[in-house]
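Secondary and tertiary structure notes
Chain by chain, the residues run as shown.
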Amino acid sequence: MSHPVLSSARANRTRRFSHAEREKNNLTGLVHPAHPRTLQHEIHRLITALQGLPDSLSRYQFLMHVLANDEQLFFAAVQNNVRKLLPMIYTPTVGEACQKYSDLHIPLRGLWIGIDQRGRVDQVLANWPETDVRAIVVSDCERILGLGDLGANGMGIPVGKLLLYSACGGIRPEHCLPIVLDVGCNTRSVRENENYIGLDRDRVTGDEYDDFMEEFINAAVKRFGKSCLIQFEDFGNSNALRLLKKYRNKLCCFNDDIQGTAAVGLAGILTALRVDGVASSLEDHRFLFLGAGSAGIGIARLIVLALQREGIEEEEALKKCWFVDSRGLVYNGRENVSEAKRDFAHDVSPSVAQVGNSGLLQVVKAIKPTALVGVSTIAGSFTEDVIHEMAEINERPIIFALSNPTSKSECTAEEAYKYSDSRAIFASGSPFPSVKLGDGRTMVPGQGNNAYIFPGVGLGVLLSQTTSVPESMLLAAADTLSTLVEVEQIDAGCMYPDLSSLLDISAAIAKAVCEEAQRLGLNQADVSGLDVNKIRQGMYEPGRLMN
Ligand code: NAD
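Residues numbered from 1 in each chain as written. Predicted model: local features only at pLDDT ≥ 70, side-chain atom pairs only at ≥ 80, totals over all residues. Heavy atoms only, no water.

Taking an unreviewed UniProt entry as the reference, the chain is identified by name as Malic enzyme belonging to Gracilaria chouae. Its UniProt record gives the chain a comment under Sequence similarities (unreviewed entry), which states: "Belongs to the malic enzymes family." (UniProt positions renumbered as here; feature names shortened; annotations may be inferred.)

Taken together, 23 residues form the shell around the ligand, and within it Arg143, Asn237, Ala295, Gly448 and Asn450 come nearest. Within the side chain of Arg143, an N or O atom sits 2.6 Å from an oxygen atom of the ligand. Within the backbone of Asn404, a nitrogen or oxygen atom sits 2.9 Å from an oxygen atom of the ligand. In isolation the ligand offers 850 Å² of accessible surface; the protein chains occlude 80% of this area. Put simply, the parts of the chain that give the shell around the ligand at least two residues each are helix 12 (256-272), helix 13 (294-309) and strand 7 (321-325). Of the residues assigned to the shell around the ligand, the class counts are eight nonpolar, 13 polar and two charged. (Near = heavy atom within 4 Å. Polar contact = N/O pair within 3.5 Å; in protein donor to acceptor, adjacent residues only side chain to side chain. Areas by Shrake-Rupley, 256 points an atom, 1.4 Å probe, with all protein chains shown as cover. Helix = DSSP H or I, 4+ residues; strand = E, 2+ residues; numbered from the N terminus. Nonpolar A, V, L, I, M, F, W, Y, C, P; charged D, E, K, R; others polar.)

Attention now moves to the nonpolar core. Ranked by size, the top nonpolar core spans 124 residues in total, and within it Phe74, Phe289, Ile453 and Val457 carry the most contacts. Counting residues in hydrophobic clusters, the runner-up holds 34 residues, among them Val121, Leu125, Val133 and Ile179. (Core = buried A, V, L, I, M, F, W, Y, C linked by side-chain atoms within 4.5 Å. Buried < 20%, exposed > 50% of the residue type's maximum accessible area, 1.4 Å probe, protein only.)

The next subject is the UniProt feature "domain: Malic enzyme N-terminal" (unreviewed entry) in the chain. Here, UniProt's "domain: Malic enzyme N-terminal" (unreviewed entry) annotation points to residues 67-248. With 46% helix and 11% strand, the stretch residues 67-248 has end C-alpha atoms that lie 33 Å from each other.

Below, the discussion takes up helix 2 (residues 39-51). Compared with the 18 Å implied by 1.5 Å per residue over 13 residues, the 19 Å span of helix 2 between its first and last C-alpha is a close match. If you check which residues of helix 2 are buried, you get Glu42, Ile43, Leu46, Ile47 and Leu50. Across the axial projection of helix 2, the buried residues extend over an arc of 140°, all falling on one side. With respect to the buried face of helix 2, the exposed residues turned more than 90 degrees away are His44 and Gln51. (Expected span 1.5 Å × (residues − 1). Arc of directions from axis to C-beta.)

Set out below in structure tokens:
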């Protein structure tokens, strides 16, 4: 059966059509129940149905079918149940969905552009049925979450990210375009699956890769305009920073793995500065990162920018950030220091150089950081000794274990509190349950979820029609997120606001991004005097998905 209203996810109201709507659209007899239900009733029914499903993958597939059938119900359900549904439509479930993408029965969503379509990327883009695209999330899927190269199966990631743009930022789904650039896949097991949906070939590299990327970027800008946001997502390390550097000043683009993470990481640190017993000026801190990949380098770069804003010279600011990678402490004169880490390779004494590769504990003793940030994917690397040492050096040690998923976290919330005499200021990449301390207090560890940042940045871009996303916009986003944390939350050990208020948070961040766009003269739309509540209610952009 094909009915113009029922087969349109945007128009379909399934069990909520009023009798008048049924008559008007010739739906009488085609839909049930006899008595139309309210949106709230249907959300409740959906949540109940989810609870009856056996595992997270079934819930993911169920939700994707709801989305393909009835957009209003899907987004209203997510907006009303952010904490419950976020993990089902994005991390951690989306990782498993991507691994099994070729075998699952998921309704089609997104645009796959293959390297075999080189020379006619513009024609493939023109196949996308929507013309008013304002936000693209694009991935070449070389590094999907912590799962490696999943090739064309990675579509779950751009789709999921954009669902959060809509659910948490209110950006209408028809303005969002998820794209996978299928440039091959180097994971044998992925390609050996007879159901694999992607190209059966190794990844292209070098000029061939760069030319294809350039063709895609040019075609996207030509078709959707200079202020269409292009978010790079889950590119491999060798391409992520390089592409960002190449396009950041030419395009309205950003990389969430690097810059979104940086903003959410910095926001948590800024909140920590408000805790009693912590030096309140960023300048008085020394950060030690375990892991020198996209996340670590991104956070450190934004810390440097925040310090520069306080009047610290770049050279001095860089010296506040130290890195330990898989070979030990990164220092000036060490072999194998990649370009991305070079700015953070500082001079050390011979004795420090000597302990540099003898384990994190020795490095902590030598560097004496005020904050330890885990972005290494090495579970348990913040050992009892390391946490204890941090608590020896600092009255209130900042310990952020940001690696995902939970199984890769550098330490648990409980360990951070237990081994620091309950003095650690803890945040994590994956959610941890509350921890009851010996003195009866209950700590509620905050999760540095990127969803705090990117929907608001996207909304700010959309409202201001900025033509680029300079780093200072991410700094503004981090500042704003931090100011939204209530004193009571800080007292409970939580460095982030409540996830259930994401629509409010995104509106506040959008306003800050608009103001920064205006300050820099990058806005094409008039954004003077924007009101957060009006942004929240979708009053500047009629038809936003508000709830
Ligand atoms: P990445 O692969 O780019 O970087 C990982 C880094 O860890 C690499 O530099 C690697 O050399 C280093 N490493 C590996 N083994 C090590 C060891 N034994 N000791 C020290 N360093 C070691 O990954 P990424 O994008 O930087 O992400 C890192 C982690 O941070 C992931 O688990 C990711 O899920 C998490 N992350 C969290 C957030 C968040 O909390 N919002 C955001 C982004 C990433």
